[in-house]
Amino acid sequence: MLIASIGVNGWTVEPLSVNPMIGPSAETLNKLGAKYTPYIVQNGEWYRLFSPMVLHAGVIHYLLNMLAMWFIGSAVELSHGFIAAAIIFVIPATGGTILSAIFLPEYISVGASGGIFGLIGACIADICMNWSLLFSRQVNETDQGTRLRHIRVLVWLLLDILVNCIIGLTPFVDNFTHMGGMVYGFLCGLSTMERLPLNFFGVPTDGCSRLRNGLVRFFGLILSVILIMVSTALLVESDGGTTSPCGTCRYASCVPFPPWAGEDDKWWYCDDCHKATADAIQDEDTGYYDFLSLRCPNGDISDVDLSGQKISDREYLREQLTTFCRRHCESLFA
């Protein structure tokens, strides 16, 4: 699909200032089925809850995801089977996309990262369920290096989470899909990952331990279903993808970049100033615009004095609306 998306984009990739993942434009990704809440809710394009998992923002995004799939996905499949691995990938990928659609309604995002984080979450669930075996001196007394290898695996999982969360701060990739996928993956892992019995290794267990383990597995499955149903209902009842219930939550998935650039020279921003509109008053004698009544993203009106700037091009003035918004509006969010 990455090759297809670049083909649809005219066999070119966008500049790094537009897509730092070395890939197609937002319009191309949207055309191919990227997550975009207004299209999902208003147009009924519910397939966009599933299609993002087979799309990628660019070459870098694709390579990082495939590397993670190779190491983590193959390990889960070998240990627990194809069916369990597929469930752990698809359900978290879909659940993470639903959360992203709720909290980042106007952000276009793609990627298999929700499913990959689901696999990571399931691995963490597996580690938690088998902690007493993986790090037990009694079980590993004949090979002390085994415990160290398990610790290295845990460190690599945490490192993978960190790297992907950093990637999630760039355009077209979002951390709500990542974190949502990991939570769903953890819950699915509790229910689908096979837990090795302690007594197989000679470690004594009692009835309370077996009952607790059964309840945990049941709890993970039921809670996953409930959360997906509730989040889907919230998405259906939303305002059509125009606003987020948490405006500042976008900073968990977007950071203006680069940090060393001036306020007017960032590659991308994380506000709603693209929604700003304005009415301009032009001096008939000079032909210059003297005054701008700027409607900020939250609906407030801000008056901008343009006298002395000698602006006569209406199209140039329209292009500068986002800059005026960031300079003169108290709130940059809808």
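Scope of this entry: the structure provided in the associated data block. (Residues numbered from 1 in each chain as written. Predicted model: local features only at pLDDT ≥ 70, side-chain atom pairs only at ≥ 80, totals over all residues. Heavy atoms only, no water.)

### Re the packing of helix α5 (residues 82-103) against helix α9 (residues 175-192)
Moving on, step 1. Axis separation between α5 and α9 bottoms out at 7 Å; the angle between their running directions is 145°. Our pair here, α5 against α9, has a crossing hand that is right-handed. Contact with α5, carried on its side by A84, I87, I88, I91, P92, G95, G96, T97, L99, S100 and F103, involves F176, T177, G180, G181, Y184, G185, C188 and T192 of α9 and no other residues of that element.
Moving on, step 2. Classifying every residue of the contact of α5 with α9 gives 10 nonpolar, nine polar and no charged. (Axes fitted to C-alpha atoms, helices over the stretch in contact; angles between N-to-C directions. Helix = DSSP H or I, 4+ residues; strand = E, 2+ residues; numbered from the N terminus. Left-handed = near helix turned anticlockwise from the far one by under 90°. Contact = heavy atoms within 4.5 Å. Nonpolar A, V, L, I, M, F, W, Y, C, P; charged D, E, K, R; others polar.)

### What to know about the nonpolar core
Moving on, step 1. Within the largest apolar cluster, 21 residues are counted, with the highest numbers of intra-cluster contacts made by I72, V76 and I120.
Moving on, step 2. Elements with a contribution of two residues or more to this core: α4 (59-80), α5, α6 (113-129), α8 (144-167) and α9.
Moving on, step 3. The element best represented in this core is α6, accounting for seven residues.
Moving on, step 4. Contacts of I120, omitting those with residues within four sequence positions, involve I72, L157, D160, I161 and M182.
Moving on, step 5. Core analysis: the second largest hydrophobic core is formed by 14 residues, Y289, C296, V304 and I311 among them. (Core = buried A, V, L, I, M, F, W, Y, C linked by side-chain atoms within 4.5 Å. Buried < 20%, exposed > 50% of the residue type's maximum accessible area, 1.4 Å probe, protein only.)

### Section: the pattern of salt bridges
Moving on, step 1. Under the defined criterion, the tally for this structure stands at four salt bridges.
Moving on, step 2. A salt bridge links R48 to E45, with the nearest nitrogen and oxygen atoms 2.6 Å apart. No difference in accessibility class separates R48 from E45, as the two residues are buried.
Moving on, step 3. With a closest N to O distance of 3.1 Å, K275 and E106 form a salt bridge. Remark: E106 occurs in the loop between α5 and α6 and K275 occurs in the loop between α10 (207-236) and β1 (277-282); sequence separation between them is 169 residues. (Salt bridge = Lys/Arg side-chain N within 4 Å of Asp/Glu carboxyl O.)

### Details of the pairing of strand β2 (residues 289-295)
Moving on, step 1. Across six bridges, the pairing between β1 and β2 is antiparallel. The residue of β2 that forms the bridge with Q282 is Y289.
Moving on, step 2. The hairpin turn running from β1 into β2, its antiparallel successor, is six residues long, and G287 in that turn takes a positive phi close to 85°.
Moving on, step 3. As consecutive antiparallel partners, β2 and strand β3 (residues 301-305) are separated by five residues, and within that stretch G299 has a phi angle of approximately 100°, a positive value. (Pairing = 2+ DSSP bridges.)

### A look at the environment of H61
Moving on, step 1. Mapped onto the fold, H61 is located in helix α4.
Moving on, step 2. What makes H61 buried here is its relative accessible area of 2%.
Moving on, step 3. Distance in space between the C-alpha atoms of H61 and I22 is 8.4 Å, their sequence separation being 39 residues.
Moving on, step 4. Setting aside residues up to four positions removed in sequence, H61 forms contacts with M21, H56, V110, G111, S113 and V173.
Moving on, step 5. A polar side-chain atom of H61 sits 3.3 Å from a polar atom in the side chain of S113. (Polar contact = N/O pair within 3.5 Å; in protein donor to acceptor, adjacent residues only side chain to side chain.)

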